[in-house]
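The lines below spell out each chain.
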Amino acid sequence: MLHSEADLKQALHTGPFHLALRAALSVRGLPLQRVQHHLAGRGIKVGVTSLSYWQQGARRPQRPESLRAVRGLEEVLGLPANSLIRLLDDATVADAERPAGRSYRSLVEASGVVEQLITGLEVPVDGGLHTVGHHERIRIGAARELRGRDSQHVVRAHRDGVDRYLAIHRGDAGCDPARVEVRAGENCRTGRVRWDATTGVLVAELLFDTRLRAGETYLFGYGFADGTGGPSREYVRGFAFAGGQYVLQVRFDEQALPARCHRFAQTSTGAARSGRSDLTLSGRHRSVHLVEQGVRPGILGIDWDWE
């Protein structure tokens, strides 16, 4: 259960909606009956049962009158305008229904292979987790190949009982996923691993050292040792759900330095790349990076030219 103003600020930034609402109610110390009374004073009628379901995540406000109640909650709880509505926008719009996040099919050009591998593991796509922060380090070798990548990941559970995370790796052309090594770091261990040789996609189950309760955060590290593919020219990360901060760092071997590096964004694999800007290679460490404070569904990446 979240209690501090700092926790509330974080929940409003990363969501999901029900945890942010629950944090606001806890910090403000208002019982649901009082909240209902304050909303009624603003001409907004909503039941205590509905408010309870919203903070538990059992239901999401979707109808116009429910969305009006959410804006009223922002006022009653003294929250910034649109801070709760924004979290609903990731899964709900007033005039249409759409899934909470894009499918991996729209994010990864792998003909649905990722979805098939995940389905085989019988784990929900979002895994019950929401990213608070993710620092990813990519290593490019002397032969211009993707040598590997390492992640430091902080997540927050949005339901009770979550005890694992599914990490997805896709190598460059020629990658042999059967030879890719999964490395479980701090606070996790490797579970089931599945791959598809045709597309070079690998899905690894990382098992936590504990079962999380809704609202709890967890920090863990993991990585993949590859080196089996051909020359690498870019690294992209697909986000099916909105999240917190993402940092991508690409480091090059001193024997294989790129001529130019750029960051970019895409709404999906078939969309035009936007937000393109030059990145300057650092001297001694031969690396470039990007920082995205509030990730939205879509794709972020760094590409580079060898000549």
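As a starting point, this report considers the structure included with it.

Quick notes on helix α1 (residues 5-14)
Burial in α1 covers these residues: L8, A11, L12 and T14. Immediately beyond the C-terminal end of α1, within one or two residues, lies G15, with a positive phi of roughly 75 degrees.

Quick look at the sheet that holds strand β5 (residues 162-170)
Pairing is antiparallel in the open sheet, where 3 strands are placed in the order β5-β8-β7. Of all strands in the sheet, those bounded by a partner on one side alone are β5 and β7 (188-196). For this sheet, the mean angle separating the axes of adjacent strands, direction not counted, is 20 degrees. Pairing of β7 with strand β8 (residues 201-212) involves 7 bridges; the strand directions are antiparallel. Residue pairing across strands places V193 opposite A204, the latter belonging to β8. Of the strands in this sheet, β5, β7 and β8 touch helix α8 (residues 113-121), which is tilted by about 130 degrees from β7.

Looking at the packing of aromatic side chains
According to the stated counting rule, one finds 10 aromatic pairs in the structure shown. Above the plane of the ring of F264 lies R273, whose end atom (NZ or CZ) is 3.8 Å from the centre.

Focus on unusual backbone geometry
Residue R144 is not a glycine yet carries a positive backbone phi of 70 degrees. The topology assignment puts R144 in the loop between β3 (129-140) and β4 (146-157). Look at R144 and you get partly exposed, because its relative accessible area is 29%.

Notes on the nonpolar core
In this structure, F17, L21, L39, L51, W54, L73 and L84 are the most contacted members of the largest nonpolar core, which totals 27 residues. Elements with a contribution of two residues or more to this core: α1, α2 (17-28), α3 (32-41), α4 (48-56), α5 (64-76) and α6 (83-89). Here this core takes 6 residues from α2, the largest share from any one element. Those residues in contact with F17 that lie beyond four places of it in its chain are W54, R60, P61, V70, L84, L87 and L88.

Remarks on the side chain of S232
Tracing the backbone shows S232 in the loop between β9 (217-225) and β10 (234-239). Contact partners of S232, with chain neighbours within four places excluded, come to I140, R144, E145, L146, D172, W304 and W306.

Topic: the packing of α2 against α4
Running from amino to carboxyl end, α2 crosses α4 at an angle of 115 degrees, the nearest separation of the two axes being 6 Å. Comparing the axis directions of α2 and α4 gives the class roughly perpendicular. Seen from α2, the contacting residues are F17, H18, L21, R22 and L25; seen from α4, they are L51, W54, Q55 and Q56. The residue inventory of the contact of α2 with α4, partitioned by class, reads 5 nonpolar, 3 polar and 1 charged.

Rules behind the numbers
- Residues numbered from 1 in each chain as written.
- Predicted model: local features only at pLDDT ≥ 70, side-chain atom pairs only at ≥ 80, totals over all residues.
- Heavy atoms only, no water.
- Buried < 20%, exposed > 50% of the residue type's maximum accessible area, 1.4 Å probe, protein only.
- Helix = DSSP H or I, 4+ residues; strand = E, 2+ residues; numbered from the N terminus.
- Pairing = 2+ DSSP bridges.
- Axes fitted to C-alpha atoms, helices over the stretch in contact; angles between N-to-C directions.
- Contact = heavy atoms within 4.5 Å.
- Phe/Tyr/Trp six-rings, centres within 6.5 Å; stacked < 30°, edge-to-face > 60°.
- Lys NZ or Arg CZ within 6 Å of the ring centre and 35° of its normal.
- Core = buried A, V, L, I, M, F, W, Y, C linked by side-chain atoms within 4.5 Å.
- Parallel < 35°, antiparallel > 145°, perpendicular 65-115°, else oblique.
- Nonpolar A, V, L, I, M, F, W, Y, C, P; charged D, E, K, R; others polar.

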